[in-house]
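Observations on the model geometry
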There are 2 protein chains.
Amino acid sequence: MQNGQRDMRSAEIVTIGTEMLLGDLVDTNTAWISNRLAALGVGIYRHTTVGDNTDRIVGALKDAASRADLVVTTGGLGPTSDDLTNACLGLLTGREMVEYPEARAHVDEKFAKFGREPTPSNYKQALFPEGTKLIPNPLGTAMGALVEWNGTLFATLPGVPSEMKGMFEETIAPLVSSRSDGSIVSKTLHFTGIGESALAEKVQDFLDAADPTVAPLAGQGRVRLRITTRAATEAEAEQKIAPVEKEILARLGEFFFGEDEETLEGSVGRLLRERGATVALAESCTGGLISKRLTDVAGSSEYFGEGFVTYSNESKERLLGVPKETLVEHGAVSEPVARAMAEGARKLAGADYGLSVTGVAGPGGGSPEKPVGLVFVGVADADGTRAEKVDLTAWARSRTSIRERSANRALDLLRLRIEGR
Amino acid sequence: MQNGQRDMRSAEIVTIGTEMLLGDLVDTNTAWISNRLAALGVGIYRHTTVGDNTDRIVGALKDAASRADLVVTTGGLGPTSDDLTNACLGLLTGREMVEYPEARAHVDEKFAKFGREPTPSNYKQALFPEGTKLIPNPLGTAMGALVEWNGTLFATLPGVPSEMKGMFEETIAPLVSSRSDGSIVSKTLHFTGIGESALAEKVQDFLDAADPTVAPLAGQGRVRLRITTRAATEAEAEQKIAPVEKEILARLGEFFFGEDEETLEGSVGRLLRERGATVALAESCTGGLISKRLTDVAGSSEYFGEGFVTYSNESKERLLGVPKETLVEHGAVSEPVARAMAEGARKLAGADYGLSVTGVAGPGGGSPEKPVGLVFVGVADADGTRAEKVDLTAWARSRTSIRERSANRALDLLRLRIEGR
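About the thresholds
Residues numbered from 1 in each chain as written. Chains lettered and ligands numbered in written order. Predicted model: local features only at pLDDT ≥ 70, side-chain atom pairs only at ≥ 80, totals over all residues. Heavy atoms only, no water. Helix = DSSP H or I, 4+ residues; strand = E, 2+ residues; numbered from the N terminus. Contact = heavy atoms within 4.5 Å. Areas by Shrake-Rupley, 256 points an atom, 1.4 Å probe, with all protein chains shown as cover. Phe/Tyr/Trp six-rings, centres within 6.5 Å; stacked < 30°, edge-to-face > 60°. Buried < 20%, exposed > 50% of the residue type's maximum accessible area, 1.4 Å probe, protein only. Salt bridge = Lys/Arg side-chain N within 4 Å of Asp/Glu carboxyl O. Axes fitted to C-alpha atoms, helices over the stretch in contact; angles between N-to-C directions. Parallel < 35°, antiparallel > 145°, perpendicular 65-115°, else oblique. Left-handed = near helix turned anticlockwise from the far one by under 90°. Nonpolar A, V, L, I, M, F, W, Y, C, P; charged D, E, K, R; others polar. Pairing = 2+ DSSP bridges. Buried area = accessible area lost by both parts, 1.4 Å probe. Domains from an automatic or database assignment. Least-squares fit on C-alpha atoms with pLDDT ≥ 70 in both. UniProt positions renumbered as here; feature names shortened; annotations may be inferred.

Moving on: the overall build of chain A. Along its length, chain A carries 15 helices and 17 strands. When the backbone C-alpha atoms are referred to their principal axes, chain A occupies close to 80 × 55 × 40 Å. The long-range share in chain A, meaning contacts at least 24 apart out of those at least 6 apart in sequence, stands at 69%. For chain A, the computed accessible surface area is about 17,200 Å², with 49% contributed by carbon and sulfur atoms.

If you want it as structure tokens, here you go:
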């Protein structure tokens with residue numbers, strides 16, 4: 001549409017939908033779009049969420065257009081009376097709404113596939129402001145709209161993630177690529193077993209550097225460093241990042257477990273797979289969370305075959321063979337029981353490693369000797385068993401935090417054990 | 001600060017922080033604040049997220065103030081050079097930054113507790129625009145700021161959820177309550193086992209009604225209806241909602257499982273507890289997810305003692321006693337195996353109910369006879385065993401969706417079984 005100038009540098013995202021504004025649905029689209037645009041050299045500088053209201057949508061679109069070269073919207077492309085996005089774009093741009101035959105045919109085709117007839121309201125999805133370039137949607141009924149107005153390119157996309165992503169990759173990405181200059185590349189390094197301040201101290205010089213920038217991010221017991229730079233091409237940007245990454249890892253290697261999308265469970269899975277080893281789980285307070293996380297990873301059946309959620313003492317005893325005397329003498333939340341659980345799981349499942357967690361997740365169940373947040377993790381292998389205490393009492397107010405952080409500590413214990421640290 | 005007028009009706013939330021803008025951290029604060037403000041009679045009409053940049057923060061605050069009576073910000077109150085919120089408020093309002101002795105003493109106190117000395121950068125957290133009314137923070141170092149400017153009240157809060165919530169309840173809520181008029185009350189009803197369109201058809205008259213409004217929300221195999229109304233008091237609002245709720249439940253009762261914060265697992269837990277019954281899990285493709293969800297609920301040890309993640313065929317056979325011939329003849333993903341798993345879990349754990357799931361979560365592992373998304377769930381009790389096929393092939397592209405929806409179907413099967421339907 002434009003004349004080939006590579007001048008698209010800034011973008012904003014507008015999320016449209018009352019359920020998004022009120023947080024009923026989690027917004028995963030924005031983060032995804034931000035990442036993709038950055039890789040294409042376009043930075044995201046503001047994200048706005050508005051509800052299904054004409055005035056407020058028009059206002060948000062107008063504001064965004066006053067600042068950004070590209071405005072991407074998600075949501076509001078459905079057939080109901082709450083779906084207002086394209087009509088609002090028409091109001092903003094002052095262009096008449098027109099039925100596009102291609103879009104109408106697309107609606108008919110999608111309905112025919114299910115042996116159904118569209119109702120008049122479904123044809124609303126074929127109405128766009130005059131001068132729109134349609135964005136095809138192979139996976140859904142709603143086509144999107146590309147509209148140029150006052151020096152801004154609007155791209156309206158559905159809220160359904162799979163539809164949105166397909167349309168972005170197929171139509172938006174090539175367009176943005178042809179109009180942007182350069183690439184913004186980020187690499188994120190994940191660390192565990194070290195606190196945010198301690199980590200920052202070791203890399204303060206990088207945190208203060210101007211290019212590449214290194215930003216610390218923290219949450220749930222894991223700390224991340226994101227290295228970011230802009231360059232003419234992705235390859236050049238990666239070349240700028242590489243020496244920074246190398247030096248950071250030289251200083252913090254033992255705490256490093258993965259990069260970018262990799263999770264602790266993905267990392268552990270990779271280590272197990274590389275060695276052809278298997279792990280069995282014995283979970284008490286985490287209640288299945290670690291098994292769930294391990295099996296979030298496709299292909300985990302290679303290294304995981306069996307997990308036990310031994311929530312009651314009776315179950316620990318009967319299933320895993322934890323001796324009654326040990327339970328009576330030390331209590332379920334103790335190092336000896338964590339050891340016995342790890343060994344029992346390993347033996348029962350015939351696995352190379354046994355991993356256990358026992359603790360007080362709260363909010364109830366605590367006592368002065370065994371407060372909420374006291375947790376023990378254990379790992380057993382052919383060479384023996386190691387158990388550690390994990391003090392999560394600082395998170396006593398959050399059952400969720402205690403469970404997630406216990407799972408992280410257990411997985412990290414396994415990681416270090418496999419790596420021979 | 002104002003003269004007692006009850007004129008606070010609209011609010012906006014501004015989330016400050018680059019990691020929030022790029023989606024590195026999930027924003028749970030906004031939804032929580034929106035809900036609380038609604039209960040206090042103040043509607044949220046826009047949510048904006050900006051990064052750690054002075055110009056963009058000032059711009060976002062200015063824009064929000066041009067529209068809303070109340071602007072709540074989260075984030076940017078820390079001691080680092082990226083923390084800019086209060087300084088930006090100073091720039092916007094043109095008021096000089098002043099060190100508040102009370103805030104300085106608070107920083108000293110918090111550090112002393114850990115036996116540490118604040119550095120000069122920590123005292124940044126004691127700097128506020130002149131004329132600020134401080135918001136105490138018992139849980140953290142950063143106090144917040146209440147600033148009146150051009151007819152808008154600003155409230156700056158930390159991004160840490162526990163600190164933010166405490167400060168909101170203690171200081172913001174009473175203030176808003178005294179300045180707002182009336183209450184916006186919502187009640188959300190959760191349904192499962194019925195599709196969004198079928199549900200909408202049965203309550204179309206309510207979906208079209210003006211007051212109370214009834215909005216459908218869908219996701220992950222569950223559909224919700226949110227009933228909302230505004231009235232002078234919470235009690236009056238609830239009285240307007242009650243007859244609407246009653247009629248909806250009369251039409252859709254068999255699909256209803258809980259309201260507001262209640263989850264399917266919370267609902268099932270309640271049903272088990274009321275009957276003094278217990279359940280044991282045998283999970284294959286869900287990998288521990290159902291046990292994890294059941295134990296998300298505090299007190300679940302009353303009705304849940306043992307769960308088995310039998311991820312491999314060998315495990316199903318050895319641990320649960322699923323006959324080898326059944327596995328060979330029908331395959332792991334079949335009705336007979338789902339039955340045997342449910343019965344095996346029930347027996348091994350000595351529980352009242354056994355619940356099982358076996359399926360192809362994908363993306364790999366599918367075949368023409370057993371495609372990705374084919375799942376079987378089973379429930380066993382003293383009266384026998386029931387198993388059903390669950391066709392989730394439509395979500396073949398999403399391992400996460402298949403696992404979550406399988407878990408929902410299993411929990412719903414148990415719910416219906418307990419309720420005797």
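So, on to the packing of aromatic side chains. Two descriptors summarise a pair of aromatic rings, namely the distance from one centre to the other and the angle between the planes of the rings. Inspection of every chain in the model, using the stated rule, returns ten aromatic pairs over all chains. Considering the side-chain rings of Tyr100 of chain A and Phe128 of chain A, the 5.7 Å spacing of their centres and the 85° angle between planes classify their relative orientation as edge-to-face. Residue Tyr100 of chain A is located in the loop between strand S4 (97–99) and helix H5 (101–113), and its partner Phe128 of chain A is located in strand S5 (residues 127–129); the two are separated by 28 residues in the primary sequence. In this structure Tyr100 of chain A comes out as buried when scored by relative accessible area, which is 16%. With a centroid separation of 5.4 Å and 85° between ring planes, the pair formed by Trp32 of chain B and Phe168 of chain B is classed as edge-to-face.

Turning next to the pattern of salt bridges. In this structure the tally under the stated criterion is 58 salt bridges over all chains. Taking the shortest distance from any N to any O, the salt bridge between Glu169 of chain B and Arg36 of chain B comes out at 2.8 Å. Residue Glu169 of chain B is found in helix H6 (residues 161–179), and its partner Arg36 of chain B is found in helix H2 (residues 29–39); the two are separated by 133 residues along the sequence. By relative accessible area, Glu169 of chain B is classed as partly exposed at 35%. Taken together, the shared-partner salt bridges connect Arg386, Glu388, Arg409, Asp412, Arg415 and Glu419 of chain A into one network.

Take the packing of helix H12 (residues 313–320) of chain A against helix H14 (residues 335–349) of chain A next. All names here are of chain A. Closest axis-to-axis distance for the H12/H14 pair is 9 Å, and the angle between their directions is 45°. Comparing the axis directions of H12 and H14 gives the class oblique. Crossing of H12 over H14 shows left-handed handedness. Of the residues in H14, those in contact with Lys316, Leu319 and Leu320 of H12 are Val337, Ala340, Met341, Gly344, Ala345 and Leu348. Its residues placed into classes, the contact of H12 with H14 shows seven nonpolar, one polar and one charged.

The subject of this paragraph is the sheet that holds strand S7 (residues 144–149) of chain B. With respect to topology, twelve strands assemble into an open sheet ordered S6(A)-S7(A)-S8(A)-S3(A)-S1(A)-S2(A)-S2(B)-S1(B)-S3(B)-S8(B)-S7(B)-S6(B), the strand pairing being mixed. Here the strands that pair on one side only, and so sit at the sheet edges, are strand S6 (133–135) of chain A together with strand S6 (133–135) of chain B. If you compare each strand with its neighbour and ignore which way they point, the axes differ by 20° on average. The pairing of S7 of chain B with strand S8 (residues 152–157) of chain B spans five bridges and is classified as antiparallel.

This brings us to unusual backbone geometry. All names here are of chain A. For the peptide bond that leads from Asp211 to Pro212, omega is -5°, which places it in the cis range. With respect to the secondary-structure elements, Pro212 resides in the loop between helix H8 (204–208) and strand S10 (213–219). Between Gly362 and Pro363 the backbone carries a cis peptide bond, its omega angle lying at -5°. Within the secondary structure, Pro363 sits in the loop between strand S15 (353–359) and strand S16 (374–381). Non-glycine residue Asn150 carries a positive phi angle of around 50°.

Turning our eyes to something else, we now look at the interface of chain B and chain A. How big an interface is tends to be stated in terms of the accessible area lost upon association of its parts. Between chain B and chain A, the residue contacts involve 59 residues of the former and 59 residues of the latter. Here chain B packs against chain A, burying approximately 4,500 Å² in sum over the two surfaces, 50% of which is carbon and sulfur. Ranking the residues of chain B by area buried against chain A places Leu21, Arg46 and Tyr311 of chain B at the top, with a combined share of 12%. There are eight salt bridges connecting chain B and chain A. Between Arg403 of chain B and Asp296 of chain A there is a salt bridge, and its shortest N-O distance comes to 2.7 Å. Looking at the side of chain B that touches chain A residue by residue, the classes come out as 22 nonpolar, 22 polar and 15 charged.

Attention shifts here to the domain arrangement of chain A. Residues and elements named next belong to chain A. Taken domain by domain, chain A holds domain 1 (10–179), domain 2 (183–259) and domain 3 (264–418). The straight-line distance from the C-alpha centre of domain 1 to that of domain 2 is 34 Å. With five residues of domain 1 at the contact, the number on the domain 2 side is four residues. Carbon and sulfur atoms make up 42% of the surface buried where domain 1 meets domain 2, a total of about 330 Å² over both sides.

Turning our eyes to something else, we now look at the sheet that holds strand S15 (residues 353–359) of chain B. Strand order in this open sheet of ten strands is S17(A)-S16(A)-S15(A)-S13(A)-S14(A)-S14(B)-S13(B)-S15(B)-S16(B)-S17(B), and the pairing throughout is mixed. One side of each edge strand has no neighbouring strand; the edge strands of this open sheet are strand S17 (384–391) of chain A together with strand S17 (384–391) of chain B. Geometrically, the sheet is characterised by an average inter-axis angle of 10° between neighbouring strands, direction not taken into account.

The next subject is the relation of the copies chain B and chain A. Superposing chain B onto chain A takes a rotation of 180° combined with a translation of 0.1 Å along the rotation axis, leaving an RMSD of 0.1 Å. In short, the pair behaves as if placed about a two-fold rotation axis. In this assembly the copies share their binding face: 100% of the residues contributing to the interface of chain B also contribute to that of chain A.

With that out of the way, let us pick up the UniProt feature "domain: MoaB/Mog" (unreviewed entry) in chain A. In the UniProt entry, the feature "domain: MoaB/Mog" (unreviewed entry) is given for residues 12–179 of chain A. Secondary structure content for residues 12–179 of chain A is 42% helix and 23% strand, and the end C-alpha separation is 16 Å.

Another aspect to go through is the pairing of strand S2 (residues 43–50) of chain A. Counting buried residues along S2 of chain A, seven of its eight residues qualify, which places the element largely inside the surrounding structure. Sheet topology places strand S1 (residues 10–16) of chain A next to S2 of chain A; seven bridges connect them, and they run parallel. From the neighbouring strand, Ser10 of chain A faces S2 of chain A, where its bridge partner is Gly43 of chain A. Here S2 of chain A runs beside strand S2 (residues 43–50) of chain B; their pairing, made up of five bridges, is antiparallel. For Val50 of chain A, the partnering residue across the bridge sits in S2 of chain B and is Arg46 of chain B.

Assignment of secondary structure puts Asn122 of chain B in the loop between helix H5 (101–113) and strand S5 (127–129). Take Asn122 of chain B: its relative accessible area is 9%, and that puts it in the buried class.

Here we come to helix H4 (residues 85–93) of chain B. For an α-helix, 3.6 residues make a turn, and residues three or four places apart therefore share a direction. Residues and elements named next belong to chain B. Burial analysis of H4 places seven of its nine residues in the buried class, which makes it a mostly covered element. For H4, the set of buried residues is Thr85, Asn86, Cys88, Leu89, Gly90, Leu92 and Thr93. Immediately beyond the C-terminal end of H4, within one or two residues, lies Gly94, with a positive phi of roughly 70°.

Among the eleven residues that make up H2 of chain B, eight are buried, leaving the element largely enclosed by the rest of the structure. Taken together, the buried positions of H2 of chain B are occupied by Asn29, Thr30, Ala31, Trp32, Ile33, Ser34, Leu37 and Ala38 of chain B. Buried residues in H2 of chain B make contact with helix H1 (18–21) of chain A together with strand S1 (10–16), S2, strand S3 (70–74), H6 and strand S9 (183–192) of chain B.

Moving on: the pairing of S15 of chain B. On a regular strand, one side chain projects to one face of the sheet and the next to the other, so that they alternate. All names here are of chain B. Most of S15 is tucked away: seven of the seven residues are buried. Residues of S15 alternate between two faces, with Tyr353, Leu355, Val357 and Gly359 on one and Gly354, Ser356 and Thr358 on the opposite face, all of them buried. The pairing of strand S13 (residues 279–283) with S15 spans five bridges and is classified as parallel. Across the sheet, residue Ala280 finds its bridge partner in S15, namely Gly354.

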